[in-house]
Amino acid sequence: MAGLEGSIALVSIDLPGREYDIHIGSGLLGDVQSWRGVPAAAMAVVVTNETVGPLYLEQCVRGLAPHFRRIETIALPDGEAFKSWESLQKVIDFLIARGADRKTVLVALGGGVIGDLTGFAAAVYMRGLAFVQVPTTLLAQVDSSVGGKTAINHPSGKNMVGAFHQPVRVISDLSCFETLSAREFSAGLAEVIKYGPIADAQFFEWLDGNIEALMRRDAEALAHAVKRSCEIKADVVAKDERESDLRAILNFGHTFGHAIETGVGYGQWLHGEAVACGMVMAADLSVRLGLMPEQFVTKLRSLIERAGLPVRAPNIGLDRFVELMRLDKKAEAGDIRFVLIEQLGKAVLRSAPEPLVREVIAAHTEA
Ligand SMILES: NC(=O)c1ccc[n+]([C@@H]2O[C@H](COP(=O)([O-])OP(=O)(O)OC[C@H]3O[C@@H](n4cnc5c(N)ncnc54)[C@H](O)[C@@H]3O)[C@@H](O)[C@H]2O)c1
Ligand SMILES: O=C(O)C(=O)C[C@@H](O)[C@H](O)[C@H](O)COP(=O)(O)O
Ligand SMILES: [Zn+2]
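Residues numbered from 1 in each chain as written. Chains lettered and ligands numbered in written order. Predicted model: local features only at pLDDT ≥ 70, side-chain atom pairs only at ≥ 80, totals over all residues.

**Considering the overall build of the protein**
What counts is decided by this rule: Each helix is a run of H or I in the DSSP string that is no shorter than four residues. Each strand is a run of E no shorter than two, and both are numbered from the N terminus. Computation of the radius of gyration draws on C-alpha atoms, with the globule rule given as 2.2 Å multiplied by the number of residues to the power 0.38. Buried means a residue has 20 or more other C-beta atoms within 10 Å of its own C-beta, exposed means 12 or fewer, and partly exposed covers the counts in between; C-beta atoms are placed from the backbone. Contact between two residues is assigned when their C-beta atoms, built from the backbone, lie within 7 Å.
For the protein, the count of helices and strands is 12 helices and 12 strands. On C-alpha atoms alone, the protein measures out to a radius of gyration of 20 Å, which is about the 21 Å that the 2.2 N^0.38 rule sets for 367 residues. Seen along its three principal axes, the alpha-carbon backbone of the protein occupies a region of about 60 × 40 × 35 Å. Counting the 367 residues in the protein, one finds 51% classified as buried. A fraction of 74% describes how many contacts in the protein between residues 6 or more apart in sequence connect residues 24 or more apart.

**Observations regarding the domain arrangement of the protein**
Our working definition: Each domain's extent is set by a domain assignment, obtained either automatically or from a database. Note on residue categories: nonpolar means Ala, Val, Leu, Ile, Met, Phe, Trp, Tyr, Cys or Pro, charged means Asp, Glu, Lys or Arg, and polar means any other residue, Gly included.
Once the domains are mapped, the protein shows domain 1 (2–179) and domain 2 (182–363). Spacing between the C-alpha centres of domain 1 and domain 2 amounts to 25 Å. Of the residues lining the interface, 29 residues belong to domain 1; the matching set on domain 2 comes to 30 residues. Elements with a contribution of two residues or more to the side of domain 1 that touches domain 2: β2 (7–13), β3 (20–25), α4 (138–144) and β9 (157–164). Element by element, the count of residues in the side of domain 1 that touches domain 2 is highest for α4, at five residues. Here the residues of the side of domain 1 that touches domain 2 sort into 15 nonpolar, 10 polar and four charged.

**Quick look at the UniProt feature "binding site: Zn(2+)" (unreviewed entry) in the protein**
Let me state the cut-off plainly: UniProt positions are given in the numbering used here, feature names are shortened, and annotations may be inferred rather than shown by experiment.
Residues annotated in UniProt with the feature "binding site: Zn(2+)" (unreviewed entry) correspond here to Glu191, His254 and His271. A maximum C-alpha distance of 10.2 Å places the annotated residues, which cover 81 residues in sequence, within one compact spot. In this fold, His254 is placed in helix α8 (residues 254–264). Assessed through the 26 C-beta atoms surrounding it within 10 Å, His254 is described here as buried. In this view, His254 contacts Val275 and Gly278; residues no more than four positions away in its chain are not counted. As for its placement among the helices and strands, His271 is situated in helix α9 (residues 271–288). With residues up to four places along the chain from it excluded, the contact list for His271 reads Gly112, Leu139, Ala187 and Glu261.

**A word on helix α11 (residues 318–325)**
Formally: Here the arc refers to the directions that run from the helix axis out to each C-beta atom.
Listed as buried for α11 are Phe321, Leu324 and Met325. End-on, the buried residues of α11 take up no more than an arc of 100°, which puts them together on one face. Buried residues along α11 sit against α8 and α12 (354–363).

**Thoughts on the site of ligand 1**
Condition: For each residue, a C-beta atom is placed from the backbone, and the residue counts as near a molecule or strand when that atom lies within 6 Å of it.
Inspection of the region around ligand 1 gives 31 residues, with Gly111, Gly112, Val113, Thr137 and Ser144 positioned closest. Of all the secondary-structure elements, those providing two or more residues to the shell around ligand 1 are α1 (52–64), α3 (112–124), α4, β9, α5 (182–199) and α9. Among the residues making up the shell around ligand 1, the classes are represented as nine nonpolar, 13 polar and nine charged. A domain-level breakdown of the shell around ligand 1 finds at least three residues from each of domain 1 (2–179) and domain 2 (182–363).

**A few points about the pairing of β3**
Stated precisely, the cut-off is as follows: Note on pairing: two strands pair once DSSP finds at least 2 bridges between them.
Among the six residues of β3, five are classified as buried, and the element is accordingly described as predominantly covered. Of the strand pairs in this sheet, β3 and strand β10 (residues 169–173) are connected by five bridges, and their pairing is parallel. Across the sheet, Gly25 pairs through a bridge with Asp173, a residue of β10.

**Things to note about the site of ligand 2**
Close to ligand 2 lie Asp143, Gly147, Lys149, Lys158, Asn159, Glu191, Glu243, Arg247, Leu250, Asn251, His254 and Lys329. Of the residues assigned to the shell around ligand 2, the class counts are one nonpolar, four polar and seven charged. The residue makeup of the shell around ligand 2 includes at least three contributed by each of domain 1 (2–179) and domain 2 (182–363).

**Looking at the nonpolar core**
The nonpolar side chains of a soluble globular protein tend to be buried with one another. We apply this condition: For this entry, the nonpolar core is defined as buried Ala, Val, Leu, Ile, Met, Phe, Trp, Tyr and Cys residues connected by C-beta atoms within 7 Å.
Residues Val47, Leu106, Val107, Leu109 and Ala282 are the most contacted members of the largest nonpolar core, which totals 116 residues. The element contributing the most residues to this core is α9, with 10 residues. Shared between two domains, this core holds at least three residues of each, these being domain 1 (2–179) and domain 2 (182–363). Look past the residues within four positions of Val47 in its chain and what remains in contact with it is Ile74, Leu76, Val91, Leu106, Val107, Ala108, Leu109, Ile114 and Thr118.

**Focus on the UniProt feature "domain: 3-dehydroquinate synthase N-terminal" (unreviewed entry) in the protein**
Within this structure's numbering, the places UniProt gives as "domain: 3-dehydroquinate synthase N-terminal" (unreviewed entry) are residues 74–186. The annotated region residues 74–186 carries 34% helix and 30% strand content, and the separation between its end C-alpha atoms amounts to 28 Å.

**So, the packing of α9 against α12**
Test applied: Helix axes use the C-alpha atoms of the stretch in contact, all axes being lines fitted to C-alpha atoms, and the angles between their N-to-C directions lie in the range 0 to 180 degrees. These descriptions rest on fixed angle ranges, namely under 35 degrees for roughly parallel, over 145 for roughly antiparallel, 65 to 115 for roughly perpendicular, and the rest for oblique. Left-handed describes a crossing in which the near helix is turned anticlockwise from the far one by less than a right angle; the clockwise case is right-handed.
Contact pair α9 / α12: the axes reach a minimum separation of 10 Å and the direction vectors enclose 135°. Comparing the axis directions of α9 and α12 gives the class oblique. Between α9 and α12 lies a crossing of right-handed hand. Between α9 and α12, the residues in contact are Met281, Asp284, Leu285 and Arg288 and Leu356, Val357, Val360, Ile361 and Ala363, respectively. Grouping the constituent residues of the contact of α9 with α12 by class yields seven nonpolar, no polar and two charged.

Shown next, in the form of structure tokens:
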């Protein structure tokens, strides 16, 4: 972490040859300084959606303008259901129609859906373009914009088609939270909460003491939560960029959560909501396997509830739930593996007996 003029924090992600900075602060979007050092090119293409564009595109273009001779923009329909092949095709068609070349820089202006999709387009167009993440949701600022996982969904499973492709810069403007709905804000808190149990017991305690301040969107508390989340994620990704082992801890709650999102239909449950509920399930599984005391589930569940998030899954049927989890990317040879907590601040990747997993799902599902 180093100071940065005009911003609150600068977190660096240390990947030799592909290192980049995460700028965190207020009013960064329209600030030309935020964009200094982004690779030079004739053209930048901003990918956004129909909700975020009217709110932030003008500011973003103002910041970009001195750095690129030409700026093109495309606004996709809004929603998880549009993190799809069709949207990817639209972006690729747009790039071709506008004459984008290998030097063209893509800019992802929006939440995790736009970030994941634009990052994937950047990974595959002409075998790889530079791209900048400009995350506008809490979830995207604390998680999806960092680390280079890019993807689209398949009807059968989340993020089934994608690539690891790191951005060249992340610009996280905290002022964007002013227009974010309460539901989306809470969804972002789920991924913030995740970092405590998996990597930082002290941060977990800090969250327990400051969740109400975060819910009031207290500026100082929020800046700390965004910065600490980025530091933890940057550290994990630098050690294991392609998830050969350690990086899987960032998937705490996701084996269950992705099954919920897919099971109810993309966009019905927000990613953060599904992860929140999935973390309660994964915590309970950790307890039932004798790794953690019962009080851990109670404390985590209460924190999640105070963050305005659901703790009971929708009933999609037990067999279907398990079947959806088999498509999880951590599964090996049909064996579903879960991120479990073995000590506050320390996670482990393990399989579990299916009857126990079914008990856990049933215990945390609506009748
Ligand atoms: N790549 C990763 O490492 C990673 C990590 C976590 C999540 N994800 C993915 O991210 C996606 C979820 O991201 P998300 O929660 O940002 O959802 P999202 O991108 O759908 O954004 C949430 C909603 O908020 C709107 N919005 C965005 N910024 C706004 C603002 N400042 N003011 C008002 N409205 C705004 C969007 O238009 C959308 O309707 C999922 O697809 C998930 O799988 C990826
Ligand atoms: O960055 C990671 O690694 C994560 O697992 C972060 C998750 O919050 C995120 O939802 C990610 O997209 C899940 O990845 P997947 O490999 O399970 O699709
Ligand atoms: Zn996630």
